[in-house]
Amino acid sequence: MNKDLTVGKPQTVLWRFCMPLFGSIIFQQLYNIADSLIAGKFIGENALAAVGNSYEITLIFIAFAFGCNMGCSVVVSKLFGAKDYNKMKTAVYTACIFSGFVCILLMLIGIAGSGILLTLINTPQEVFADSKLYLDIYAWGLPFVFFYNIATGIFSALGDSKTPFYFLAVSSLSNIAVDILFVKVFHMGVAGVAWATFLCQGISCILAMIVVFRRLAKIEESEKAPLFNMQILKQIVAIAIPSTLQQSFISVGNIIIQSIINGFGAPVMAGYSAAVKLNNLVITSFTTLGNGISNYTAQNLGANKLERVKQGFGVGVKLVWMLCLPLFLLYFFGGNILLKFFMDDPTELAMHTGLMYLKILSPFYFVVSAKLVADGILRGAGMMKQFMISTFTDLILRVLLAFCFSRTVLGATGIWCAWPIGWCVAALLSIAFYYNGPWKNKKY
């Protein structure tokens, strides 16, 4: 149900709002983890490498869906906080129209250009066909990805984090079952993995959009809301474009890094593919909590309650650090057990690759999580210039250092060393930008 985030004790409000978001992202990541797990266990190491290889390209598509999500979510949050329900509904309609247009363009690119994209990242011949097959099916399901993201953005803007959780819990568990059915029983190979995701995301998207519009219909308004408003579109785009660029360039950076990794062969690719799924589960969880803090920030700025924004930062950091500790311990000391879930009979090199990746990155989860909390506030406040500076600093450092370190005696291990350096520098920037925000002088 709808929840006003501008009233109540910030710690209680954020905990109640963000914890379902954390649960939601775990189930969201189960889609991708299930794909890799089923591919690695029931098809083989090359199938795992193919799904992992394709995943880096699908992240570009997801970046655009994420941008539309954030643009809609932040604008709707501010209007909901300001109690301007007529414009709020127009913002929802405008975001849907805009997202549909972007989605069609990306579908055309994905369907026509998957082979070119895979060639650009130096995909080995032994996994090329399966990678292309996975991407082709994924591209046809992009409308489901986009409009589900819009639905979750609207739910979050209205202070409702529980409804997306329920949808994701059911659909992700269903995805695992259908994955196993298509691959183990019907022997559909990588195509079965892709079609299972397509089917479950489609059902989830349709149901979520139905609930969104029923929820909006219950909110009273002074007059009928227009279906489109150019001024509101500009506000959405002002948030959506930087958010999309952030995710897109991170994905492009990951693709460049993937191309470097591909040069080390299929075993290293497989080890990285398994480990990066575990890492992405953590990072995406922190990012989603940051998105929740964006909604909290936007609602309170819409209500002109700046002091609550400052309080929200401290609460947010405590929240993510409480999650960091068990995740760090699990990945650092239990990584070998987790990696075996993805690889049925891993080679020694694949296992070594995954373990080194997790051991190098996991201690720095405390740093990157604090950065993502600060980023959430910057985005919710519309401070997109500062947000982009921090994001690009992280990306550029990681890509350049990965390239340089991989050419040294460190080899593939040098690539993983680039991550913590980028995170640390970018975290310092994001936190500095936060401390110099408009709430510093209580003016907005």
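Preceding this section is the structure that the text describes.
Residues numbered from 1 in each chain as written. Predicted model: local features only at pLDDT ≥ 70, side-chain atom pairs only at ≥ 80, totals over all residues. Heavy atoms only, no water.

## Focus on the overall build of the protein chain
- In terms of helices and strands, the protein chain carries 14 helices and zero strands.
- Scanning the protein chain from its N terminus toward the C terminus, one meets helices and strands in the order α-α-α-α-α-α-α-α-α-α-α-α-α-α.
- Relative to a compact globule of 444 residues, whose C-alpha radius of gyration would be 22 Å, the protein chain shows 21 Å and is just as compact.
- Burial analysis of the protein chain (444 residues in total) assigns 61% to the buried set. (Helix = DSSP H or I, 4+ residues; strand = E, 2+ residues; numbered from the N terminus. Rg over C-alpha atoms; globule rule 2.2 N^0.38 Å. Buried < 20%, exposed > 50% of the residue type's maximum accessible area, 1.4 Å probe, protein only.)

## Details of the state of the cysteines
- Taken as a whole and assessed by the stated rule, the structure comprises zero disulfides.
- Here Cys200 stays unpaired: no disulfide links it, and the sulfur of Cys205, its closest cysteine neighbor, is 13 Å away.
- Assessed through its relative accessible area of 5%, Cys200 is described here as buried.
- Cys205 forms no disulfide, and the closest cysteine sulfur to it belongs to Cys103, at a distance of 9.3 Å.
- The exposure class assigned to Cys205 is buried, which follows from its relative accessible area of 5%. (Disulfide = S-S within 2.5 Å.)

## With respect to the side chain of Arg379
- Structurally, Arg379 can be placed in helix α12 (residues 365-380).
- Here Ser294 takes part through its side chain, which lies 3.5 Å from a polar atom of the side chain of Arg379. (Polar contact = N/O pair within 3.5 Å; in protein donor to acceptor, adjacent residues only side chain to side chain.)

## Here's the deal with a nonpolar patch on the surface
- Taken together, Leu181, Val185, Phe186, Met188 and Trp195 make up a surface patch of nonpolar side chains, about 440 Å² in accessible area.
- With respect to the helices and strands, Phe186 occurs in the loop between α6 (162-185) and α7 (189-217).
- Phe186 sits in the partly exposed class, given a relative accessible area of 47%. (Patch = residues over 30% accessible without salt bridge, like charges linked within 9 Å, V, L, I, M, F, W, Y side chains within 5 Å. Areas by Shrake-Rupley, 256 points an atom, 1.4 Å probe, with all protein chains shown as cover. Salt bridge = Lys/Arg side-chain N within 4 Å of Asp/Glu carboxyl O.)

## Let's talk about the nonpolar core
- If you look at the biggest cluster of nonpolar residues, it comprises 78 residues, and the most contacted ones within it are Phe286, Met343, Tyr357, Tyr365, Trp416 and Trp419.
- Among the elements that line this core, the one with the most residues is helix α9 (residues 266-302), at 17 residues.
- Phe61, Leu118, Ala169 and Leu216 belong to the second largest nonpolar core, which has 47 residues in total. (Core = buried A, V, L, I, M, F, W, Y, C linked by side-chain atoms within 4.5 Å.)

## Concerning the pattern of salt bridges
- In this structure the tally under the stated criterion is four salt bridges.
- Between Arg215 and Asp160 there is a salt bridge, with its nearest N and O atoms 2.9 Å apart. Placement of the pair is Arg215 in helix α7 and Asp160 in the loop between α5 (142-157) and α6, with a sequence separation of 55 residues.
- Note on Arg215: relative accessible area 9%, which makes it buried.
- Put simply, Arg398 and Asp394 hold a salt bridge, and the shortest N to O gap is 3.0 Å.

## Section: α9
- Under the 1.5 Å per step criterion, the end-to-end length of α9 is 51 Å for 37 residues, consistent within 8% with the ideal 54 Å.
- Judged by how many residues are buried, α9 sits mostly within the fold: 34 of 37 residues are covered.
- Positioned one or two residues after α9, Asn304 has a phi angle of 60°, which is positive. (Expected span 1.5 Å × (residues − 1).)

## Considering the packing of aromatic side chains
- Tallying each qualifying case throughout the model produces 20 aromatic pairs.
- Taken together, a centroid distance of 6.3 Å and an interplanar angle of 10° make the contact between Tyr93 and Phe213 stacked. Here Tyr93 is found in helix α3 (residues 85-120), whereas its partner Phe213 is found in helix α7, with 120 residues between them in sequence.
- On the basis of an interplanar angle of 75° and a centroid distance of 6.1 Å, the ring pair of Tyr331 and Tyr365 is categorised as edge-to-face. Taken together, the positions of Tyr331 in helix α10 (residues 306-339) and Tyr365 in helix α12 put the pair 34 residues apart, joining distant regions of the chain.
- The ring of Phe332 has Lys359 sitting right over it, with the charged end atom 4.4 Å from the ring centre. (Phe/Tyr/Trp six-rings, centres within 6.5 Å; stacked < 30°, edge-to-face > 60°. Lys NZ or Arg CZ within 6 Å of the ring centre and 35° of its normal.)

## Structural notes on the packing of α3 against helix α8 (residues 230-262)
- Axis separation between α3 and α8 bottoms out at 9 Å; the angle between their running directions is 60°. With respect to their mutual orientation, α3 and α8 come out oblique. Both α3 and α8 take part in a crossing whose hand is right-handed. Between α3 and α8, the residues in contact are Lys87, Thr90, Ala91, Thr94, Ala95 and Phe98 and Ile232, Leu233, Ile236, Val237 and Ala240, respectively.
- Each residue belonging to the contact of α3 with α8 can be placed in one class, and the counts come to eight nonpolar, two polar and one charged. (Axes fitted to C-alpha atoms, helices over the stretch in contact; angles between N-to-C directions. Parallel < 35°, antiparallel > 145°, perpendicular 65-115°, else oblique. Left-handed = near helix turned anticlockwise from the far one by under 90°. Contact = heavy atoms within 4.5 Å. Nonpolar A, V, L, I, M, F, W, Y, C, P; charged D, E, K, R; others polar.)

Interpretation note: all reported values are geometric properties and have no functional meaning in isolation.
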